[in-house]
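# Per-entry structural report
Letter by letter, the chains look like this.
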Amino acid sequence: MKKLIGPNKNRTAVFISGTGSNLKNLIKFSYKKKSPISIELVISNKRKAKGLNFAKKNKIENKIINFKKPKNAEKKILHILSKKKIKLICLAGFMIILSRNFLKNFRGKILNIHPSLLPKYKGLNTHKKVLARNEKFSGCTVHYVTSKLDSGKIILQKKIRIKSTDTEKKLKKRILNEEHKLYPKAINKILTSF
Ligand code: GRF
């Protein structure tokens, strides 16, 4: 697919650690004429993250940053972000908690997506926990990022009803599908108030 370059698009970086289905979806969204973002950079803390292939296929600059020494890693990333003139960061399955020092550089401009109705079920294994608790509903949330795990002001949320036939795998799939609609919507919502 050809990359549209719009002069008014917000230069965006996506941070991943794994599969990258949200990254793939955000790339697709960024190609739309009316999309307010262009994805200029992908950062992964995992060399083997499958999602890196979407960056490569779309010729988006991608960097693998080792977080063994988090301070150094963040410093490196900040340098790249500034060089690439990045204005918005979208975390998409990025399994690292960024420090307050890092975040202060991107206040109001760093978002995350989480597969639950926050503030319920922060952290890992959300679908398993939701099913074990016999919840009637679950969903996904896009929120601003703070240095506390899955906290920060909520931008948008999508609620879905849990089916009696839902397994962890089925629920994950249905919610991922909703995530792919919600992340672009949330980006559109906040970028109108930039
Ligand atoms: C998604 O469920 C997202 O909400 C969570 O991690 C998962 C990442 O999936 N933060 P993918 O790598 O985008 O496919």
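Our structure's up above, just so we're on the same page.
In what follows, the accompanying structure is described.

Cut-offs used in this document
- Residues numbered from 1 in each chain as written.
- Predicted model: local features only at pLDDT ≥ 70, side-chain atom pairs only at ≥ 80, totals over all residues.
- Heavy atoms only, no water.
- Pairing = 2+ DSSP bridges.
- Helix = DSSP H or I, 4+ residues; strand = E, 2+ residues; numbered from the N terminus.
- Axes fitted to C-alpha atoms, helices over the stretch in contact; angles between N-to-C directions.
- Near = heavy atom within 4 Å.
- Polar contact = N/O pair within 3.5 Å; in protein donor to acceptor, adjacent residues only side chain to side chain.
- Areas by Shrake-Rupley, 256 points an atom, 1.4 Å probe, with all protein chains shown as cover.
- Phe/Tyr/Trp six-rings, centres within 6.5 Å; stacked < 30°, edge-to-face > 60°.
- Buried < 20%, exposed > 50% of the residue type's maximum accessible area, 1.4 Å probe, protein only.
- Lys NZ or Arg CZ within 6 Å of the ring centre and 35° of its normal.

A few words now on the sheet that holds strand β7 (residues 154-161). Across the sheet, which stays open at both edges, the 7 strands sit in the order β3-β2-β1-β4-β5-β6-β7 with mixed pairing between neighbours. The open sheet is flanked by β3 (61-64) and β7, the only strands paired with a single partner. Sheet twist, expressed as the mean angle between neighbouring strand axes with direction ignored, is 20 degrees. With 7 bridges connecting them, strand β6 (residues 137-144) and β7 associate as antiparallel partners.

Right, let's talk about the site of the ligand for a bit. Neighbouring residues of the ligand: Thr 19, Gly 20, Ser 21, Asn 22, Gly 93, Ile 113, His 114, Pro 115 and Glu 179. Between Gly 20 and the ligand, the recorded distance is 2.7 Å, taken from a backbone N or O atom to an oxygen atom. With respect to the ligand, the side chain of Ser 21 contributes an N or O atom lying 2.6 Å from an oxygen atom. Summarising the interface, the protein chains cover 82% of the accessible area of the ligand, which totals 370 Å² for the free molecule. Mapped by element, the contributors of at least two residues to the shell around the ligand are α1 (21-30) and β5 (110-114).

Before going further, it helps to spend a moment on the packing of aromatic side chains. As enumerated under the stated definition, the model contains 4 aromatic pairs in all. Geometrically, the ring pair formed by Phe 102 and Phe 106 is stacked, given 6.3 Å between the ring centres and 20 degrees between the ring planes. By relative accessible area, which is 9% here, Phe 106 ends up buried. In this structure an aromatic cluster arises from ring pairing among Phe 15, Phe 67, Phe 94, Phe 102 and Phe 106. A cation over an aromatic ring shows up here: Lys 159 above the ring of Phe 137, its NZ or CZ 4.5 Å from the ring centre.

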